[in-house]
Each structure stands twice: as C-alpha cells, then as structure tokens.
Amino acid sequence: MEKQHVLIIGGGISGLYTALQLSAGCEVTLLEGSNRLGGRILDTHRPGFDEVVKEGAEFVHGNATMSFSLLRKAGARFREVEGKMYRFRDQSLIPAEEMVTGWDELLEKMGSVPQDQPLGAFLNEHFGDPAHEELNTEARRYAEGFDVADPERVSIKALYREWSAGEQTFQIEPGYGKLVAYLESACQQKGIRIITDAIVKQLTWSPGSVTAFTLDGRSYRAQRAVITVPVSALQPNNPNSILFSPSINEYTEAARNIGFGAVIKAAVAFREPVWKPDDAFFLGDQPFPTWWTQHPFSSNVLTGWAGGTRASALSAHPETVLRDMAMLSIAALFGQPLNKLRLNIKAIHITNWQQQPCFAGAYSYPTPETSAARSQMNKPVAGTLFFAGEALYEGEFSGTVEAALLSAEEVVKKVTATGC
C-alpha cells in the first residue's frame, strides 16, 4: 500500500521532531524557509569567539523530561544554574537574594483575581498608587525581560503560574545546536526529504490534498500538511504570513490572540571576565537590562538580553548602534570606564530576531484569549491541515523548546490517527 505523503512546513525543533516521528509510517517532505534548520535555535561560530555563540534558545526551564532525554542522545551536557544573581541599585550591583519588596503580595493578588486580564491593567487597578511604584515597574520589567511579553497584553493568570513555580534553570554545553544536528541526522537517515530556502507563501488545500507554493515559484503536493512555523507567520497582520486557500479565518484569527515577543541578544567575548566564577545573572535598567554568564560552565562570554517592547523599540537601530548600546550597558552595570572595557572585549555579536523575516521575533506568550486560541488551532482542519509549535502547547512549558517538542508529540498522534 502506498504511503501517505505529509508536508512539514517549518524546520525548527517542532518540525524536525514531527518529521522524524511521522517517517515511520509516512513519506515526509520538510520545507524550511531559511537556509538552515533549527528555527529559533541558532548556535554559530563567530569571529573572536572561542566557543559557540548561542544566538537563539539557550536554557532548559523546569523538569523538561523530553528535552533532557533528547539532549542526552545528542551528546550535549546540561547542568543546573545555581550561581549568584545581582540587581543594579544606586549605581552599583547588589546581591538579589529576594525579589522587590511586595512581590509576595503581588503574586497572591494575581492568584486570587477571578477574571484573567492583561498585566498592565491589573497593575494599574491594584498596584497603581505611588507606594507601589517600584513593584509596578519591576513586574512590567520582569514580564518583558523574561517572557518577552507586552505588559498590556500578557495574561496575569499565565504569569502567576510561571512566576510562582520557582522552577530550576539549566545551561547546556555546547548548546541546543547539538540537538538540532542530532535530529537533522536522524531525519536524513530515515530518508526524509529536507528542502531549505523554501519560503511557503500559500497553502492551497481540500480534504485529503495540500499544495504548498513557495516564494520562488516551486510547488509541493501531499495528502496532509503540518504547519510548525512561528505563530507570527500565521497572524494576519504579518506581511510574511502564509495565505491559506480556501481561507481558514477562525485559525488565523485565533493566531492573532497569541502573543509573540521581540528580543535582541548581545554576545560579548572578554579577554578577562569582569565577573566572579560563581556569578550567573545581572539585572539592570540599561538598554540591555539583563545579562548572564555561562555558569556553571567556564566561559569568557557574557550574554545580554533586551526583550518585549524595549526590544521592539531597539530593533530599528543598525547593528553598530546596538553594539555600542551593549558596551555602554556593561560599562554602567559593572562600573567600568568605557575605554578600559573596550580593551578587554575581543568581540561582540548582535542577534536582532525582529529583522529575520522567517521569524520576526522570539517566542510566544499567553494573552487572556490564548487558551481559547490554542484550543482552536489544535483542532485539525478537515483531517488535512495540522498545527504544532511552542506557541500551541497548553501545558506549563509555554514558549520553550520543551513546549515545541511536546506539541510535536501531540500532533504526530493526530496525524497518525488519520491513517498515516
């Protein structure tokens, strides 16, 4: 009996894992818009760096069982980050042993409010008085910095679940790129057809038939398609989004109700570290407000992070300006004269995810409407179109590599149930 043919649209971690699992019973073709696989995982070798630059996903959050298992198979090491955290206060770094005053009160209120709402509206209603100004600012900054979320859109109920969990964080050596290479090799061994530089602009479909049309005029036909692109490529307000014919408005409108954040990363290679071996995170209020070391692994690289609306505002600047902003941020954070700092820096590399057309941002975050949106998008379209990716996973690992893998696992079951 002839195997059913499935198109996988998107070669990120979700697409690769979906393709690998479906290859047991289906003919699989994977179409990736960029010139590489891995999606928002991007480990590269850059001039001046003695190690891999982790331009995309970097940490493992929580008890990510599936990620841990695959990382072991890929030959990557991971260790818990237990180093010290510092906060920039009064022009100096001080140990951040606790969150800002009132944080427990904030979490308690977030958990007790019966109706979900955006963080900004919640803070204005319950913590908008002058006495809570620092708490208000810190909560917004944390949502933007860690969750790359717009405070005026992000769900307080989702933030409460995340912020109150107190999850562990793990660093990977050399990085998630080992996992991408492992999955790519496994796909090749299974005979999966992988095509890069294939930006899908339109999917024409009818029950049991799909044709993908790429930007350069190629077309690919199959019985089913699994769409694993970032949710930004499904939102109707994005000029680079995929066109469906016939339209599936209830799905594209649902995609609009899932937040998608912005991020700019700065990797800085030092000749000599300006931090101690057990230092891990530094939180400030500079243009790049968050910095971390590679602790617990030894490294001379410091990574800077600007997320959310701050990153959106910065993203229009050229790389030269962003490099200067990164250096100024480090100089202010560590109280170093800029001239002395320049002599100690070997290289700086900026990754502006908003300027990459296939991605146009970092990762998803939940809004008050996201639960219903995910429920809609996780329903197959006439047993023919299926969606997967980190933005669609409804569990506790929202916005992570683990979420992408678990979503892939779920969609494989759905496709297999249709006879593949």
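For the structure itself, consult the block above.
Residues numbered from 1 in each chain as written. Predicted model: local features only at pLDDT ≥ 70, side-chain atom pairs only at ≥ 80, totals over all residues. Heavy atoms only, no water.

A short note on the sheet that holds strand β12 (residues 209-214)
Then, in step 1: Read from one edge to the other, the open sheet built from four strands follows the order β13-β12-β11-β15, with strand pairing classed as mixed. A strand with exactly one partner marks an edge of an open sheet, and here the two such strands are β13 (219-222) and β15 (243-245). In this sheet, neighbouring strand axes are inclined to one another by 15 degrees on average, regardless of whether the strands run parallel or antiparallel.
Then, in step 2: Relative to β13, β12 runs antiparallel, the two sharing four bridges. Within the sheet, the bridge partner assigned to Phe213 lies in β13 and is Ser219. (Pairing = 2+ DSSP bridges. Helix = DSSP H or I, 4+ residues; strand = E, 2+ residues; numbered from the N terminus. Axes fitted to C-alpha atoms, helices over the stretch in contact; angles between N-to-C directions.)

With respect to the nonpolar core
Across soluble globular proteins, nonpolar side chains have a tendency to be buried as a group.
Then, in step 1: Core analysis: the biggest nonpolar cluster contains 45 residues, and Ile13 and Val226 have the highest contact counts within it.
Then, in step 2: Only β1 (5-9), α1 (13-22), β2 (27-31), α2 (65-74), β9 (169-173), α7 (177-189) and α13 (401-417) provide two or more residues apiece to this core.
Then, in step 3: Not counting residues within four places of it along the chain, the set of residues in contact with Val226 comprises Val6, Leu7, Ile8, Ile9, Thr18, Leu22, Phe386, Ala388, Val411 and Val415.
Then, in step 4: Core analysis: the second largest hydrophobic core is formed by 33 residues, Ala198, Ala233, Phe244 and Phe260 among them. (Core = buried A, V, L, I, M, F, W, Y, C linked by side-chain atoms within 4.5 Å. Buried < 20%, exposed > 50% of the residue type's maximum accessible area, 1.4 Å probe, protein only. Contact = heavy atoms within 4.5 Å.)

Things to note about the sheet that holds strand β6 (residues 77-80)
Then, in step 1: On the basis of which strands lie adjacent, the open sheet formed by three strands has the order β5-β9-β6 and antiparallel pairing. Taken across any chain shown, the strands that pair with only one partner, and hence form the sheet edges, are β5 (59-61) and β6. The sheet shows a mean angle of 30 degrees between the axes of neighbouring strands, taken without regard to direction.
Then, in step 2: Bridge count for β6 against β9 is four bridges, and the pairing is antiparallel. Within the sheet, the bridge partner assigned to Arg77 lies in β9 and is Glu173.

Remarks on the environment of Gly10
Then, in step 1: In this fold, Gly10 is placed in the loop between β1 and α1.
Then, in step 2: Relative accessible area serves as the criterion here: at 7%, Gly10 is assigned to the buried category.
Then, in step 3: In this structure the C-alpha to C-alpha distance between Gly10 and Leu30, which are 20 residues apart in sequence, comes to 6.9 Å.
Then, in step 4: Those residues within four positions of Gly10 in sequence are excluded, and the remaining contacts are Gly15, Leu30, Leu31, Glu32, Thr228 and Val229.

Notes on the state of the cysteines
Then, in step 1: The tally for this structure, following the rule as stated, stands at zero disulfides.
Then, in step 2: In this structure Cys187 is a free cysteine whose sulfur lies 13 Å from that of Cys26, the closest cysteine sulfur available.
Then, in step 3: A disulfide-free cysteine, Cys358 has its sulfur positioned 18 Å from the sulfur of Cys187, the nearest such atom. (Disulfide = S-S within 2.5 Å.)

Quick word on the packing of aromatic side chains
Then, in step 1: All chains considered together, the criterion is met by 20 aromatic pairs.
Then, in step 2: A centroid spacing of 4.9 Å and a plane angle of 65 degrees characterise the contact between Phe282 and Phe334, whose relative ring orientation is edge-to-face. Residue Phe282 is found in strand β18 (residues 279-283), and its partner Phe334 is found in helix α10 (residues 319-334); the two are separated by 52 residues along the sequence.
Then, in step 3: Accessibility expressed as a relative area gives 1% for Phe282, which makes it buried.
Then, in step 4: When its relative accessible area of 16% is taken as the criterion, Phe334 is described as buried.
Then, in step 5: What links up through ring pairs into an aromatic cluster is the set Phe59, Phe281, Trp292, Trp305 and Tyr363.
Then, in step 6: Taking the ring centre of Phe297 as reference, the NZ or CZ of Arg79 above it sits at 5.3 Å. (Phe/Tyr/Trp six-rings, centres within 6.5 Å; stacked < 30°, edge-to-face > 60°. Lys NZ or Arg CZ within 6 Å of the ring centre and 35° of its normal.)

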